[in-house]
Amino acid sequence: MLRHTIGIHPSGRCMSLKSTHLPALIAFECVARHMNFARAAAEMDVTPTAMSKTIKQLEAQLGVRLFNRTTRSVALTESGSQLLDTLAPALEQIRFSVQ
């Protein structure tokens, strides 16, 4: 189950996210919001290649595929959708807190 890989123990307590870095999670949320690597890369001021590499590394760290990609489209997998459902509100709260 994805909850184990993203650092949430079934009891609801946080576990260590040693290998998962916040910038990669922010990149994931950005791609998921745009459903487009190039637009997400432009928003984050990086190249599409760098964005793609960041997402591939995050998928490897989590051990799940987050997006189904074709040359013309991007779609969330079930695991990607689960991660976005929990991650997006948390990132929004962080953004609100630092405004």
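Treat the numbers as computed from the prediction; the structure is a model and nothing was measured. (Residues numbered from 1 in each chain as written. Predicted model: local features only at pLDDT ≥ 70, side-chain atom pairs only at ≥ 80, totals over all residues. Heavy atoms only, no water.)

Chemist: Go over helix 5 (residues 78-97) with me, naming the residues and quoting the values.
Modeler: Look at helix 5: 29 Å from first C-alpha to last across 20 residues, which is about the 28 Å you get at 1.5 Å a residue. Maximal helix bending in helix 5 amounts to about 30°, located at L87; proline P89 follows within four positions. For helix 5, the full list of buried residues reads G80, L83, L84, L87 and L91. (Helix = DSSP H or I, 4+ residues; strand = E, 2+ residues; numbered from the N terminus. Expected span 1.5 Å × (residues − 1). Bend = angle between axes of the 7 residues up to and from the residue. Buried < 20%, exposed > 50% of the residue type's maximum accessible area, 1.4 Å probe, protein only.)

Chemist: Give me the packing of aromatic side chains: which residues, what numbers.
Modeler: In this description, an aromatic ring pair is defined by two values, namely the gap between the centres and the angle between the planes. Under the definition given, this model contains two aromatic pairs. An angle of 50° between the planes, with centres 5.4 Å apart, marks the rings of F28 and F67 as tilted. Linking F28 in helix 2 (residues 22-34) with F67 in strand 1 (residues 67-69), this pair joins segments that are 39 residues apart in sequence. The residues F28 and F67 share a single accessibility class, namely buried. Centroid distance F37 to F67: 5.9 Å. Interplanar angle 65°. Geometry classified as edge-to-face. One end of the pair, F37, is in helix 3 (residues 37-44); the other, F67, is in strand 1, with 30 residues separating them in the sequence. Overall, F37 belongs to the buried group, its relative accessible area being 12%. Pairwise contacts between aromatic rings join F28, F37 and F67 into one cluster. (Phe/Tyr/Trp six-rings, centres within 6.5 Å; stacked < 30°, edge-to-face > 60°.)

Chemist: Please provide a residue-by-residue account of the environment of A75, values included.
Modeler: As for its position among the elements, A75 is in strand 2 (residues 74-76). Relative accessible area serves as the criterion here: at 34%, A75 is assigned to the partly exposed category. Taking the C-alpha atoms as reference points, A75 and M35, 40 residues apart in sequence, are found 6.6 Å from one another. The residues contacting A75, other than those within four sequence positions of it, are M35, L66, F67 and N68. (Contact = heavy atoms within 4.5 Å.)

Chemist: Describe unusual backbone geometry, listing the residues and the values that go with them.
Modeler: With a phi close to 50°, M35 is a non-glycine residue in the positive phi region. Turning to its location among the elements, M35 is positioned in the loop between helix 2 and helix 3. In this structure, D45 is a non-glycine residue whose phi angle is positive, near 60°. Its location among the elements puts D45 in the loop between helix 3 and helix 4 (48-62). D45 sits in the exposed class, given a relative accessible area of 71%.

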